[in-house]
Amino acid sequence: MSDVRVLYFASLRDAAGQGEETWTTNAADLRTLYAELRARHGFVLPVERLRVAVDGTFARWDDALQAGSEIAFIPPVSGG
Amino acid sequence: MSDVRVLYFASLRDAAGQGEETWTTNAADLRTLYAELRARHGFVLPVERLRVAVDGTFARWDDALQAGSEIAFIPPVSGG
Amino acid sequence: MDSREFWLADAPVDLAPLRRRVQHDRAGAFASFEGWVRDHNDGRPVLGLRYESYVALAEAEGAKVVAEARERFDLCAALCVHRIGDLAIGDMAVWVGVTAAHRGAAFDACRYIIDEIKDRVPIWKHERYADGDAGWLHPESPRGGDA
Amino acid sequence: MDSREFWLADAPVDLAPLRRRVQHDRAGAFASFEGWVRDHNDGRPVLGLRYESYVALAEAEGAKVVAEARERFDLCAALCVHRIGDLAIGDMAVWVGVTAAHRGAAFDACRYIIDEIKDRVPIWKHERYADGDAGWLHPESPRGGDA
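It should be emphasised that the depicted structure is a prediction, and the values quoted were computed from it without experimental measurement.

(A) Looking closely at the relation of the copies chain D and chain C. With an axial shift of 0.0 Å and an RMSD of 0.0 Å, the rotation relating chain D to chain C amounts to 180°. Such a combination of rotation and displacement between the chain copies is what one expects of a two-fold axis. In terms of C-alpha distance to the rotation axis, chain D has Ser32(D) as its closest residue, with the C-alpha 2.6 Å off the axis. Mapped onto chain C, 97% of the interface residues of chain D are again interface residues, and the two copies thus contact each other with one and the same surface.

As structure tokens, this is what we get:
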């Protein structure tokens, strides 16, 4: 089991009811982590429509999950 | 013979030594008028590189010359 | 004065110092773009909006976009600032300013920067509508929501 | 305040009232272009310049250019002002401002206006060079002298 810090933005934050949380998981990669948290919070957005960042840098969904890292799920952006 | 008012701009004005003049001519069209005035003032620019305007509106070189009109020769522009 | 080429601002932006930062004696062309809060979106009347961002990542990604523009085009300077927080109709949401010797590079770089910012930088718009509804905008496809 | 959409100005132009004139609640995009006096042209150091115009025809043709842009693109507003007289390095020679609901139209119209102004409007640039020479610019081909 490892602990990670998870950040939620925009509609994901509304659905999670919080901007961040610490989560203890057996997920081996970021894709599996999102699946877990999607089930937990009822996120509408499928993984295909998100990007993911680890410790402030864009990452790949197949990247292994590192204990203690800060993971952000990035819904489709709408700046400008 | 008819009198026309002729306006000169930019390098044509420098070559003519004046911004405008009244000119008495037998020229039937604007192209012939420019040829006369080019010979008179030594204009370097050939007719192909100019546009011509009559009474404040762009005209065609083959347009007939009207007595009393105000004719402007427009060298290649360089605004902006 | 901020020396970064992209940053997020949580209060209205004064444009005069930004213009001064992009001035160069060899600059013949200044192209700029501003995104303003519209009173409608997709046909729905909008009362106002809020921008939220993942600030650290947005500022890194925005700086990358501006650096890419400077590599691709022959520029004198390029800057971009994006608002976060609450905005009213008519407020400026984003400013892009580019200077170059020639106008082709200035226009192309200005367009490149705003397109990429809208496409890649983690900023989200929350709109409040006249009918009482409100919600986050998560466009289906990048650049679908041209504004 | 001038209500024309194109005009010549024989003194420095205050941009604040021009920005106000293109503001619209339905405008989401503001694209603008400024031409500034560069310190060089074709590799020659430039000290300053003077713009001369056939004012009546230039103002009629410039207004036509802006009207064409409003017909071709879905705009809220479009304005253009061009300086005449003596200008120093860094001075603004021309300003184009366009607002639209969406940025594509604003960018395209802004580019259209400056391209056509440079191509068609009877304004001439007289440059003074650092080597003491001076002369009128009469570009060989339209748009050859991109600035």
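Resuming the write-up.
(B) Spatial organisation of the sheet that holds strand E3 (residues 51-54) of chain B. Residue and element names in this part refer to chain B. Here 5 strands make up an open sheet; going across it, the order is E2-E1-E5-E3-E4 and the pairing mixed. Looking at the sheet topology across the chains shown, the edges are occupied by strand E2 (20-25) and strand E4 (57-59). Direction aside, the axes of adjacent strands within the sheet are offset by 35° on average. Where strand E1 (residues 2-7) lies against E2, 6 bridges are found, and the strand directions are antiparallel. Within E2, the residue paired with Asp3 across the bridge is Thr24. Lying over the sheet, helix H2 (residues 30-41) contacts E1, E2, E3, E4 and strand E5 (70-74), oriented at roughly 115° with respect to E2.

(C) Representation of the sheet that holds strand E5 (residues 70-74) of chain A within the structure. Residues and elements named next belong to chain A. Judged by pairing direction, the sheet is mixed, and its 5 strands sit side by side in the order E2-E1-E5-E3-E4 without closing on themselves. If you trace the sheet from one side to the other, it starts and ends with strand E2 (20-25) and strand E4 (57-59), each paired once. On average, each strand axis in the sheet is tilted by 35° relative to the strand beside it, whichever way the strands run. In this sheet, E5 lies alongside strand E3 (residues 51-54) in antiparallel orientation, the contact comprising 4 bridges. Each residue of the ladder has a partner; that of Val52, found in E5, is Phe73.

(D) Quick look at the packing of helix H2 (residues 55-72) of chain C against helix H3 (residues 103-120) of chain C. Residues and elements named next belong to chain C. Contact geometry of H2 with H3 gives a least axis separation of 9 Å together with a crossing angle of 150°. Taken as axis vectors, H2 and H3 run roughly antiparallel relative to one another. As for the relative orientation of H2 and H3, their crossing is right-handed in sense. Where H2 abuts H3, its residues Glu61, Gly62, Lys64, Val65, Val66, Glu68, Ala69 and Arg72 lie against Ala109, Tyr112, Ile113, Glu116, Ile117 and Arg120.

(E) Representation of the interface of chain A and chain C. Facing 22 residues of chain A, the contacting portion of chain C comprises 24 residues. Here chain A and chain C share an interface that buries about 1900 Å² over both sides, 56% of which is from carbon and sulfur atoms. A per-residue breakdown of the area chain A buries against chain C is headed by Val77(A), Ser78(A) and Gly80(A), which together make up 33% of the total. The closest approach of N and O atoms between Glu140(C) and Arg49(A), which form a salt bridge, is 3.4 Å.

(F) Quick peek at the pairing of strand E2 (residues 29-36) of chain D. In terms of burial, E2(D) is a largely internal element, 8 of the 8 residues being buried. Both faces of E2(D) are covered, namely the face carrying Ala29(D), Ala31(D), Phe33(D) and Gly35(D) and the face carrying Phe30(D), Ser32(D), Glu34(D) and Trp36(D). Here strand E2 (residues 29-36) of chain C pairs with E2(D) via 7 bridges, running antiparallel. The partner of Glu34(C) across the bridge, within E2(D), is Phe30(D). For E2(D) and strand E7 (residues 92-100) of chain D, the ladder comprises 8 bridges, and the chain directions are antiparallel. What sits directly across from Trp36(D), in E7(D), is Met92(D).

(G) Structural view of unusual backbone geometry. Phi is positive for Ala10(B), close to 55°, though the residue is something other than glycine. Position of Ala10(B) among the secondary structure elements: in helix H1 (residues 10-16). Residue Asp42(D) is not a glycine yet carries a positive backbone phi of 55°. One can find Asp42(D) in the loop between strand E3 (40-41) and strand E4 (44-53). Residue classification places Asp42(D) among the exposed positions, given a relative accessible area of 78%.

What counts and how
Residues numbered from 1 in each chain as written. Chains lettered and ligands numbered in written order. Predicted model: local features only at pLDDT ≥ 70, side-chain atom pairs only at ≥ 80, totals over all residues. Heavy atoms only, no water. Least-squares fit on C-alpha atoms with pLDDT ≥ 70 in both. Contact = heavy atoms within 4.5 Å. Pairing = 2+ DSSP bridges. Helix = DSSP H or I, 4+ residues; strand = E, 2+ residues; numbered from the N terminus. Axes fitted to C-alpha atoms, helices over the stretch in contact; angles between N-to-C directions. Parallel < 35°, antiparallel > 145°, perpendicular 65-115°, else oblique. Left-handed = near helix turned anticlockwise from the far one by under 90°. Buried area = accessible area lost by both parts, 1.4 Å probe. Salt bridge = Lys/Arg side-chain N within 4 Å of Asp/Glu carboxyl O. Buried < 20%, exposed > 50% of the residue type's maximum accessible area, 1.4 Å probe, protein only.

Honestly, that's just the spatial picture; any functional story needs more than this.
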